[in-house]
Amino acid sequence: MIKKGMFFLIALLLFCAPFLGGSQSGGNNVMLGKAKVPNSVRRYEDMMREFTLQYEIEIYTELLLAMMMQESGGMSETTPDVMQSSESAGHPPNYFTNPRDSIEQAVKYFASLVDIAKQLKLNDVKFIVQAYNMGPGFLYFCEGKTSFNASYAKDYEVKMGGNYGDPDYVEHVFQYYEMPTASNHGFIIPTARNTMNERYGTVEDPIRGGTRMHNGIDLACSKDEAAWSIADGVVTDATFSSSYGYFVEVDHQNGYSSLYAHFNTLAVRAGDRVSSGQVVGYCGDTGFSAGYHLHLEIRLNGVRVDPEGYLPKLERSSIVTP
Ligand SMILES: [Zn+2]
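Visitor: How should the coordination of the zinc ion be read in this particular structure?
Guide: As a benchmark, a tetrahedral metal site with four donors has ideal angles of 109.5 degrees, while an octahedral site with six donors has ideal angles of 90 or 180 degrees. Protein coordination at the zinc ion: the donors are His214 (NE2), Asp218 (OD) and His295 (ND1), at 1.9 to 2.1 Å from the metal. Every donor residue of the zinc ion comes from the same chain, spaced as H-x3-D-x76-H. Pair noted here: His214 is in strand E5 (residues 211-214) and His295 is in strand E13 (residues 294-300), with a separation of 81 residues, a long-range link. Neither residue differs from the other here; His214 and His295 are each classed as buried.

Next comes the structure, spelled out in structure tokens:
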């Protein structure tokens, strides 16, 4: 009995682990795009990445560059406090006299906001961006909200007595931020690398020999690299199966659905609403899998289609059979 109980406990822990991990790992609603900024801002990319790596928020590097554009107006020659982060460290405005101090404090401050947002289950990164401008109090003010709306920032400004920060800060930052290019079908590639390791259709079976039907495509994705939804939708499944391992299915509510398999860690739960580019899991090798990768399926009205025809152009790795 004890043995059986222990086994059950271990099985339960193993089953829960990916969900626990999911809530701890990186920000959830990260929109993966690129900052549209002039060289006066772009030249700080390496410095920004040095600190986002140090504070474990590398995924926000481009977003922080877009914020730098808003904070400095692209005038980094005459505005040494390029992130206008002096006040967040308790100093008067423009206390920092070199960009490096300004950037480090900004990243440290942003990372602290990411942590608070995670605790409050505020999964939309726009809450964090607005809090960069209005302070952590804005996050507590928004507790219980699901997706960001600029009216929350205006309400918070009124609560704080008016003339408090910039209630349109999110809109101002996102004018310098470009989402990844979508295909004609409105889908983006769900991984940072756009390399396909195995195509859809009849493929050779390296595990059992002969050929087999491959119902999706395999995309290059290393252990714990993020993978995100190819479009807006609602999570219909975020669970484990012996073949898919830890997998997520998203209904895009226009006849299409997408499925992401072999995750190490899940980042969403069934019922969650996700936006295009929102992280749904972290790549792994669970289920029927021979190595770390992301297996992606797309269905149209419940029927599997070849994802390659629905995504932006993919690179084919040398191991893809024609
Ligand atoms: Zn596959």
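Visitor: Help me understand the environment of Val268 in this model?
Guide: Structurally, Val268 is set in the loop between strand E10 (256-266) and strand E11 (273-274). Take Val268: its relative accessible area is 3%, and that puts it in the buried class. In this structure, the C-alpha to C-alpha distance between Val268 and Gln278, residues 10 residues apart in sequence, is 9.4 Å. Contact partners of Val268, with chain neighbours within four places excluded, come to Val235, Ala238, Val248, Val274, Gln278, Val279 and Val280.

Visitor: How should I be thinking about the environment of Glu45 in this particular structure?
Guide: Locating Glu45 in the fold gives a position in helix H3 (residues 45-54). Separated by 20 residues in sequence, Glu45 and Leu65 have C-alpha atoms that sit 7.1 Å apart. If near-sequence neighbours (up to four positions away) are discounted, Glu45 is found in contact with Thr61, Glu62 and Leu65.

Visitor: What am I meant to see in the pattern of salt bridges here?
Guide: Inspection of the entire model under this criterion finds 15 salt bridges. A salt bridge links Glu62 to Arg42, with the shortest nitrogen-to-oxygen separation between them at 2.9 Å. One end of the pair, Glu62, is in helix H4 (residues 61-72); the other, Arg42, is in helix H2 (residues 39-42), and 20 residues separate them in sequence. According to the relative accessible area criterion, Glu62 is buried, its value standing at 9%. The exposure class of Arg42 is buried, given its relative accessible area of 19%. Glu198 is paired through a salt bridge with Arg212; the nearest N and O atoms lie 3.1 Å apart.

Visitor: Help me understand unusual backbone geometry, please; the structure alone is not making it clear to me.
Guide: Peptide bonds are, in most cases, trans, and in most cases residues other than glycine have a negative phi. A positive phi angle, close to 70°, is found at Asp224, a residue other than glycine. Following the sequence through the fold, Asp224 ends up in the loop between strand E6 (217-219) and strand E7 (226-228). Owing to a relative accessible area of 38%, Asp224 belongs among the partly exposed residues under this scheme. One non-glycine residue, His262, lies in positive phi territory at about 70°. With respect to the helices and strands, the residue His262 is situated in strand E10. Under the relative-accessibility criterion, His262 is labelled buried at 4%.

Visitor: In this structure, what is going on with the packing of H4 against helix H5 (residues 99-119)? I would like to understand it.
Guide: Helix-helix packing is characterised by the crossing angle of the two axes and by the distance between the axes. For the pair H4 and H5, the least separation of the axes is 12 Å and the interaxial angle reads 120°. Between H4 and H5, the interaxial angle falls into the category oblique. Considering only the axes of H4 and H5, their crossing is right-handed. Together, Leu63, Leu64, Met67 and Met68 of H4 and Ile103, Val107 and Phe110 of H5 make up the contact between the two elements. Split into classes, the residues belonging to the contact of H4 with H5 amount to 7 nonpolar, no polar and no charged.

What counts, and at which threshold
- Residues numbered from 1 in each chain as written.
- Predicted model: local features only at pLDDT ≥ 70, side-chain atom pairs only at ≥ 80, totals over all residues.
- Heavy atoms only, no water.
- Donors = N, O, S within 2.8 Å, 3.2 Å for Na, K, Ca; no water.
- Helix = DSSP H or I, 4+ residues; strand = E, 2+ residues; numbered from the N terminus.
- Buried < 20%, exposed > 50% of the residue type's maximum accessible area, 1.4 Å probe, protein only.
- Contact = heavy atoms within 4.5 Å.
- Salt bridge = Lys/Arg side-chain N within 4 Å of Asp/Glu carboxyl O.
- Axes fitted to C-alpha atoms, helices over the stretch in contact; angles between N-to-C directions.
- Parallel < 35°, antiparallel > 145°, perpendicular 65-115°, else oblique.
- Left-handed = near helix turned anticlockwise from the far one by under 90°.
- Nonpolar A, V, L, I, M, F, W, Y, C, P; charged D, E, K, R; others polar.

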